[in-house]
Amino acid sequence: AQSVTQPDARVTVSEGASLQLRCKYSYSGTPYLFWYVQYPRQGLQLLLKYYSGDPVVQGVNGFEAEFSKSNSSFHLRKASVHWSDSAVYFCVLSARDTGYQNFYFGKGTSLTVIP
Amino acid sequence: AQTIHQWPVAEIKAVGSPLSLGCTIKGKSSPNLYWYWQATGGTLQQLFYSITVGQVESVVQLNLSASRPKDDQFILSTEKLLLSHSGFYLCAWSLEGASAETLYFGSGTRLTVL
């Protein structure tokens, strides 16, 4: 069965430090993978997506993610975080099963950036 | 450009009262539409999806119903609210057939049931 695991419920980093948020997926086919960010009391915004080609994809605000088929992972990275990056980050797998496109969400990682 | 508008922004309702939340998508023809529910601090739970007007599929049973009366409109409703309905409701759309079918979310409706 398809699933997404974000093993870290909460991550705290200092401003200016590098960041990695982990995501593991389970899917036997070709995955479409996404990272979304949710700021307090707002909807989800798309950060980046991967569906083929270069395994490193660039997103908005300096975020990037690397797809690894061998590790079934799609980790999100940022070289230097800013306090405004504090938010909840969701990893999402899209898979066409049961005849239509399904979206599988991780439980989210809450990021706190401290000054 | 496509836009998605959810209404209302927030609601405070009494247990047992009716509810209607709405979502309108402009700039896209025949999108797939979704309702998601998010408990406070929680993950997203898909409630309904619709691929065409008049056709809605239920994913989980939460004493809620959904309808798609027009191509660009998706309505979530119930006749009797429960305390457990409190949370954040998100509408989303995607475009079938796109190279990487992507979900785009509205800004959400915060529902408090007292």
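What this report covers is the structure whose coordinates are included nearby. Quick caveat, the model's predicted, so the values are computed rather than measured.

1. A word on the interface of chain A and chain B
Opposite the 20 residues of chain A that make contact, chain B presents 22 residues. Summing both partners gives a buried area of about 1700 Å² for chain A against chain B, and 59% of it is carried by carbon and sulfur. The largest per-residue losses of area from chain A upon contact with chain B belong to A:Tyr100, A:Phe103 and A:Phe105, which jointly make up 32% of the total buried on that side. Linking chain A with chain B are zero salt bridges, by the criterion used here. Taken together, the connections running from chain A to chain B amount to four residue pairs in polar contact (both at pLDDT 80 or more). Taken together, the residues of the side of chain A that touches chain B break down into 10 nonpolar, six polar and four charged.

2. Section: the side chain of A:Ser73
Structurally, the position occupied by A:Ser73 is in strand S9 (residues 73–78). Apart from the residues lying within four places of it in its own chain, the contact partners of A:Ser73 are A:Cys23, A:Lys24, A:Tyr25, A:Glu66, A:Phe67 and A:Ser68.

3. Quick notes on the sheet that holds strand S3 (residues 19–26) of chain B
Residue and element names in this part refer to chain B. Sheet architecture is open: four strands sit in the order S1-S3-S8-S7, paired in antiparallel fashion. Edge positions in the sheet fall to strand S1 (3–7) and strand S7 (65–70), since each of these pairs with one other strand and no more. Averaged over all neighbouring strand pairs, the angle between strand axes comes to 20 degrees, with direction disregarded. By the bridge criterion, six bridges tie S3 to strand S8 (residues 73–78) in an arrangement that is antiparallel. Residue Cys23 lies in a different strand from S8, and its bridge partner there is Phe74.

4. What about the environment of B:Asn32?
All names here are of chain B. Examined against the element boundaries, Asn32 turns out to sit in strand S4 (residues 32–38). Counting along the chain gives 64 residues from Asn32 to Glu96, while the straight-line C-alpha distance between them is 6.8 Å. Ignoring any residue separated from it by four or fewer positions in sequence, one finds Asn32 in contact with Ser50, Ile51, Arg68, Ala92, Trp93, Ser94, Glu96 and Glu101. A distance of 3.0 Å separates a polar atom in the side chain of Asn32 from a polar atom in the side chain of Glu101.

5. Focus: the nonpolar core
One finds A:Leu19, A:Trp35, A:Leu47, A:Leu48, A:Phe74, A:Leu76 and A:Tyr89 to be the most contacted residues of the largest nonpolar core, which totals 27 residues. Breaking this core down by element, the ones donating at least two residues are strand S2 (10–14), strand S3 (19–21), strand S5 (32–38), strand S6 (44–50), strand S8 (64–68), S9, strand S10 (87–97) and strand S12 (109–114) of chain A. Looking at which element gives the most residues to this core, the answer is S10(A), with four residues. Grouped together as the second largest cluster of nonpolar side chains are 20 residues, B:Cys23, B:Leu47, B:Phe48 and B:Leu76 included.

What counts and how
Residues numbered from 1 in each chain as written. Chains lettered and ligands numbered in written order. Predicted model: local features only at pLDDT ≥ 70, side-chain atom pairs only at ≥ 80, totals over all residues. Heavy atoms only, no water. Contact = heavy atoms within 4.5 Å. Buried area = accessible area lost by both parts, 1.4 Å probe. Salt bridge = Lys/Arg side-chain N within 4 Å of Asp/Glu carboxyl O. Polar contact = N/O pair within 3.5 Å; in protein donor to acceptor, adjacent residues only side chain to side chain. Nonpolar A, V, L, I, M, F, W, Y, C, P; charged D, E, K, R; others polar. Helix = DSSP H or I, 4+ residues; strand = E, 2+ residues; numbered from the N terminus. Pairing = 2+ DSSP bridges. Axes fitted to C-alpha atoms, helices over the stretch in contact; angles between N-to-C directions. Core = buried A, V, L, I, M, F, W, Y, C linked by side-chain atoms within 4.5 Å. Buried < 20%, exposed > 50% of the residue type's maximum accessible area, 1.4 Å probe, protein only.

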